[in-house]
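Below, each chain spelled out in residue letters.
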Amino acid sequence: MYQLSRSIYRELAPEILEDHVAAAAGSNHERVLRACESAVYRLATDRYYFAKPSKTLFREIRIYFPMSAQDRVFRVVDRYMTFARQWLEAQPSHGYDLAGNRLECRATTRKGTPCQRVPLPLNGYCPSHQHLADGELVERVVAAPPGTQVAA
Ligand SMILES: [Zn+2]
């Protein structure tokens, strides 16, 4: 996964604008690399709440590229982020995410406590909460901040 953010960065690096000022907070190259790393990390650990990974990363880094490169930058970002998402969805669930956090079903039980069963990789719900993944509810759950109670 970490190689993936490096790959995005390497493919974009030749187009990154020169720094206008010698900033204390690091160069444009460092900022682009860090943005790629945090987007990939977030996708790997929190993808059910990361609604538009490609657009989010693109918005963050586009200012470091010339106008003429914007289309290409978005295509590169979108290609890698789509690949990463598909790769993650294809992984068997071991009950832990790539950062070692225990995976838990996204649903909240009637008692108001989080469901602690192991979720399916496809949608983040355990087998008994699959009905919550159907239809409009998905939109509401995705839009709700973590910990928000949903019908169980
Ligand atoms: Zn559940």
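Residues numbered from 1 in each chain as written. Predicted model: local features only at pLDDT ≥ 70, side-chain atom pairs only at ≥ 80, totals over all residues. Heavy atoms only, no water.

Caption draft 1: Geometry of the overall build of the protein chain. In terms of helices and strands, the protein chain carries 5 helices and 0 strands. Reading the helices (α) and strands (β) of the protein chain from amino to carboxyl end gives α-α-α-α-α. A burial count over the protein chain gives 36% of its 152 residues as buried. The contacts of the protein chain with a sequence gap of at least 6 include a subset with a gap of at least 24, amounting to 54%. (Helix = DSSP H or I, 4+ residues; strand = E, 2+ residues; numbered from the N terminus. Buried < 20%, exposed > 50% of the residue type's maximum accessible area, 1.4 Å probe, protein only. Contact = heavy atoms within 4.5 Å.)

Caption draft 2: Highlighting the coordination of the zinc ion. Of the protein atoms, only Cys105 (SG), Cys115 (SG), Cys126 (SG) and His129 (ND1) coordinate the zinc ion, at distances of 1.9 to 2.3 Å. Angles of 105 to 114° at the metal separate the 4 donor atoms of the zinc ion, which places the site in the tetrahedral class. Considered as a linear motif, the donors of the zinc ion on their single chain read C-x9-C-x10-C-x2-H. Of this pair, cysteine 115 sits in the loop between helix H4 (70-90) and helix H5 (137-143) while cysteine 126 is found in the loop between H4 and H5, placing the two residues 11 residues apart along the sequence. In this structure, cysteine 115 and cysteine 126 share a single accessibility class: buried. (Donors = N, O, S within 2.8 Å, 3.2 Å for Na, K, Ca; no water. Tetrahedral: all angles 85-135°; square planar, octahedral: opposite > 155°, others 65-115°.)

Caption draft 3: Looking closely at a nonpolar patch on the surface. Taken together, Phe83, Trp87 and Leu98 make up a surface patch of nonpolar side chains, about 300 Å² in accessible area. Mapped onto the secondary structure, leucine 98 falls in the loop between H4 and H5. (Patch = residues over 30% accessible without salt bridge, like charges linked within 9 Å, V, L, I, M, F, W, Y side chains within 5 Å. Areas by Shrake-Rupley, 256 points an atom, 1.4 Å probe, with all protein chains shown as cover. Salt bridge = Lys/Arg side-chain N within 4 Å of Asp/Glu carboxyl O.)

Caption draft 4: Highlighting the confidence of the model for the protein chain. When the pLDDT values of the protein chain are averaged, the result is 83; 82% of them are 70 or greater. Every residue in residues 136-144 is under pLDDT 50, and counting partners more than four places away or in other chains gives 11 contacts. (pLDDT = per-residue confidence, 0-100.)

Caption draft 5: Expanded view of the nonpolar core. Judged by nonpolar contacts, the single largest core of 28 residues is most densely connected at Ile8, Leu57, Ile61, Phe65 and Met81. Looking at which element gives the most residues to this core, the answer is helix H2 (residues 28-46), with 8 residues. When near neighbours in sequence (up to four residues on either side) are disregarded, isoleucine 61 contacts Leu12, Val32, Ala35, Val73 and Val77. Counting 7 residues, the second-largest nonpolar core is a separate cluster that includes Cys115, Tyr125, Leu132 and Ala133. (Core = buried A, V, L, I, M, F, W, Y, C linked by side-chain atoms within 4.5 Å.)

Caption draft 6: Quick peek at the packing of aromatic side chains. Overall, the coordinates contain 1 aromatic pair when judged by the stated rule. Measuring from ring centre to ring centre gives 5.3 Å for phenylalanine 58 and phenylalanine 74, while their planes differ by 80°; the resulting arrangement is edge-to-face. With phenylalanine 58 in helix H3 (residues 53-61) and phenylalanine 74 in helix H4, this pair connects stretches of sequence that are 16 residues apart. With a relative accessible area of 11%, phenylalanine 58 lands in the buried category. Phenylalanine 74 sits in the partly exposed class, given a relative accessible area of 27%. When the ring centre of phenylalanine 50 is taken as reference, the NZ or CZ atom of arginine 42 above it lies at 4.0 Å. Sitting over the ring of tyrosine 49, arginine 106 keeps its end group 5.7 Å from the ring centre. (Phe/Tyr/Trp six-rings, centres within 6.5 Å; stacked < 30°, edge-to-face > 60°. Lys NZ or Arg CZ within 6 Å of the ring centre and 35° of its normal.)

Caption draft 7: Broad picture of empty space enclosed by the protein. Applying the stated criterion across every chain, the model contains 1 cavity of 30 Å³ or more. Taken as a whole, the largest cavity encloses approximately 60 Å³ of empty space. Around the largest cavity, the lining residues are Met1, Tyr2, Ser5, Glu37, Val40, Tyr41, Ala44, Thr45, Leu98 and Ala99. Elements with a contribution of two residues or more to the lining of the largest cavity: helix H1 (2-12) and H2. For the lining of the largest cavity, the element with the most residues is H2, which contributes 5 residues. For the lining of the largest cavity, the residue count by class is 7 nonpolar, 2 polar and 1 charged. (1 Å grid on protein atoms, 1.4 Å probe; cavity = no way out; pocket = protein on both sides within 12 Å on 5 of 7 lines; lining within 4 Å. Points joined across faces, edges and corners; volume = space filled by probe spheres on them. Nonpolar A, V, L, I, M, F, W, Y, C, P; charged D, E, K, R; others polar.)

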